[in-house]
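# Observations on chain architecture
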Amino acid sequence: MVNVASDPPTETATELHRGTDGDGDGLATDPRSRLDWMDRRLLGVCATSVVVVLASLLVQVSFGSYQMSLGQAWFSVFDADVWYHPATLASFLLGDGLTRTVFGLDAAWEPHELVTATNVVWNVRIPRVAVAAFVGANLAVSGVIFQALTRNELASPFVLGVSSGAGLAVLLSLVVFTVSTAFLPLFAALGGTLAFLLVYAISWEGGTSPVRLVLAGVVVSTVFQSLQTAVFLLAQDVGTVQTAIVWLTGSLTGKDWEQVRVVAPWTLAVVVPGSLLAAKQLNVLALGERTAASLGMRVERVRFGLSAIAIVAAAASIAVAGVVSFVGLVVPHLVRNVVGHDHRRLVVGSLFAGAALVVAADVGARLGVQFATGGSGQLPVGILTGLIGGPYFLYRMRVSDGVGGLR
Amino acid sequence: MSDRVAPDVDDRRDGDADRVRDASDDSADSADPALSGIDLAVGYPSTEEPVVEADRVVLPRGEVTALVGPNGSGKSTLLRAFADELEPERGVAYLDGRDVQDYDAGDLARRLGVLAQENDPPAGITVEDLVFHGRYPHQGFFDRPDETDVAAVERAMARAGVTHLADSEVGELSGGQKQLAWLAMALAQETDVLLLDEPTNHLDLRHQLRVLDVIRELNDDDDVTLGVVLHDLEHAVRVADNLVAMRDGAPYDWGPPANVLTEALLADVFGVAATVDHGGDAPRVHARRALDDGDRPNETHEG
């Protein structure tokens, strides 16, 4: 494992205190200032992630089945029709209805008419990257929290059955009854919660262990996946079945601003602030349940709140992109190797790296087939993340025997 | 010997002429104990019968009390009831005259610290970061460590003698250094009462003595009330103002080591034939041999 690099300012400050040998009077400055945990490695992870996202955006915007030149593509990005019409720009994020309210426009208002190239870039290519970023960030953070909660590096929303529970819920909403898309994440969260509670109940025996949790997760996942298959049989229409299959693999094909509008509020209002606030609790919880309790933490309450954040995160991404596998498992590992085990760094790093991984994988999923075979097909991004994540995880298991708490 | 009734703590105190340690600073302690258990019965969800049943057990304020007894005599269980980790099936554990269960979790953690027997440090954590966690009950939900916290952490690390290890990873330290690091975390909590569950277990001799020294210093310098589960009677004599000898889940006898440590008690509670040398300033136990079960009139199973 990689050592955590400590931040130089802290080190100097600590040296100073050591000089005074704990009499505490000579403390001129507070060495643990607000951002001292923001060390260079974390900044490195974030910067790399931003570069990866921007590079992927560049590629995604420039290429695609609608043929246009690079110049044309980038002219479209900076198309004055978009940038000089704030209401049109806002309508991407807010939707037409809300834009009318916010800008005080009448019901007859429509977003500015865009030329085809601009339309493709702004309504197909850019939002897809945005959805990918949100999905990745959510799944990664969900993985971080689940791994800390279960003290198990094998844990992820996927392993713990949350994904299959949320998946079943969304599948039901596709096939059996309709749920308004805005509430789809909530509905998915309900399924995820149900699955997670089941996993916890099955593995509970006056306490639970990492191995039992994973085993229970496998059992519950299998049951929920059987139910998913059963739902297929209910579907009369082949098209619905096909949609459902693509969706269960985790796909970003055809995702646009509507999905951004679904996933963004949950991410920005719940997941990001929640996980940042939770980081300190995660660190204390990592000391073990008894120690956390002896430090005055209401362990059950905190664990409940943290589970809720992790489930909402997983559910929000599943609601828009389906079950994109391995992101929640692999990203926390990757980031941990670089920034260490402090959850304050881990959460921030995973938000960025998760977004980068899915955005980059989606480049492969969307354009890979075209480049490789010259065909026009697209792969679901979940296949790509599985192809990257599976081998990476196997590799980690081989090189470190600490994975999964099976020391 | 089973009919021997332990005298009430108060009686024992009053007639006590040869207290090992100076009692002038805590003459009122038995009237106002830091921790006391009345009519306690404590068990685990998995056990039918309570593991501990104590009519009255007291940890006097400002003193070090060692809980001694053989394996399974309920020492740790009693400690966990005082720390509000186990809910008594009957009776009440009081901290400063108030039921420990009535305290808000954070409030309790600012008054009473506990160090469990087994502690598994999270991967990659440094000693300093670990000790900073001791400040958790003193910080609000949104707070970052302030100067008070930094000073408390520095003091705790100095007290436990781990200042030079501040940037080391806890997982890579020796068992003794690890224990001192965890102790420093509990010290950073800056509580008036501290409960330690077998803090010298599995440590080499040097670190055992280091831990005992820290306990002594905490009491002498900071007037912390300590409840310490100890296996080794010699250790208990070394640090404790009071012993509580536990047998089969009940306090068998208690009081200053010089009064409690008798040959009869060693035979009854510990099942060893021993002589006790009261000559020095502290009693010395010379264990001769383990008694056969037949020699012990009141041998029961170990709960």
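The notes below deal with the structure included here. (Residues numbered from 1 in each chain as written. Chains lettered and ligands numbered in written order. Predicted model: local features only at pLDDT ≥ 70, side-chain atom pairs only at ≥ 80, totals over all residues. Heavy atoms only, no water.)

Here we come to the overall build of chain B. Each helix and strand counted, chain B has 10 helices and 12 strands in total. Intrachain contacts of chain B at a sequence separation of at least 6 include 68% that bridge at least 24 residues. For chain B, the exposed surface amounts to about 12600 Å²; the carbon and sulfur share of it is 44%. (Helix = DSSP H or I, 4+ residues; strand = E, 2+ residues; numbered from the N terminus. Contact = heavy atoms within 4.5 Å. Areas by Shrake-Rupley, 256 points an atom, 1.4 Å probe, with all protein chains shown as cover.)

Turning our attention to the pairing of strand 6 (residues 112–115) of chain B. Residues and elements named next belong to chain B. With burial as the criterion, each face of strand 6 is covered, one bearing L112 and V114 and the other bearing G113 and L115. As paired elements, strand 6 and strand 7 (residues 193–197) share 4 bridges and run parallel to each other. Bridge pairing links G113 to L194 in strand 7. (Buried < 20%, exposed > 50% of the residue type's maximum accessible area, 1.4 Å probe, protein only. Pairing = 2+ DSSP bridges.)

All names here are of chain B. Strand order in the open sheet formed by 6 strands is 6-7-8-3-9-10, and the pairing between neighbours is mixed. Lying at the two open borders of the sheet, with one neighbouring strand each, are strand 6 and strand 10 (250–255). Adjacent strand axes in the sheet meet at a mean angle of 15° when their direction is disregarded. Taken strand by strand, helix 2 (residues 75–82) contacts strand 3 (64–68), strand 6, strand 7, strand 8 (225–229) and strand 9 (242–247), and its axis lies near 150° from that of strand 7. (Axes fitted to C-alpha atoms, helices over the stretch in contact; angles between N-to-C directions.)

Okay, helix 3 (residues 70–77) of chain A next. All names here are of chain A. Buried within helix 3 we find A73, S76 and V77. Looking straight down helix 3, one finds that the buried residues subtend no more than 105° of arc, so they occupy a single side. Facing away from the buried side of helix 3 by over 90 degrees, the exposed positions are G71 and F75. Looking at the buried side of helix 3, the elements it contacts are helix 2 (40–62), helix 4 (80–83) and helix 7 (116–149). (Arc of directions from axis to C-beta.)

This part is about the environment of B:F142. Residue and element names in this part refer to chain B. Following the sequence through the fold, F142 ends up in the loop between helix 4 (127–133) and helix 5 (147–160). Residue class for F142 comes out exposed when judged on its relative accessible area of 59%. Separated by 57 residues in the primary sequence, F142 and E85 have C-alpha atoms spaced 26 Å apart.

Across the boundary between the two partners, chain A contributes 32 residues, which contact 44 residues of chain B. Of the roughly 3400 Å² buried where chain A meets chain B, counting both sides, 54% is carbon and sulfur surface. Linking chain A to chain B there are 2 salt bridges. For A:R298, the salt bridge is made with B:D104, and the minimal N-O distance between the two is 2.5 Å. For the side of chain A that touches chain B, the secondary-structure elements that each account for two or more residues are helix 1 (8–20), helix 12 (257–285) and helix 13 (289–294) of chain A. Considering every element that reaches the side of chain A that touches chain B, the biggest residue donor is helix 12 of chain A, with 5 residues. Of the residues in the side of chain A that touches chain B, the class split is 10 nonpolar, 11 polar and 11 charged. (Buried area = accessible area lost by both parts, 1.4 Å probe. Salt bridge = Lys/Arg side-chain N within 4 Å of Asp/Glu carboxyl O. Nonpolar A, V, L, I, M, F, W, Y, C, P; charged D, E, K, R; others polar.)

For the rest of this paragraph, the subject is the nonpolar core. A:F146, B:V127, B:I215 and B:L226 are the most contacted members of the largest nonpolar core, which has 160 residues in total. Per-element tally for this core: the top contributor is helix 7 of chain A, with 19 residues. Setting aside anything within four residues of it in sequence, one finds B:V127 in contact with B:M157, B:V162, B:L165, B:A166, B:S168, B:V170, B:L173 and B:A181. (Core = buried A, V, L, I, M, F, W, Y, C linked by side-chain atoms within 4.5 Å.)

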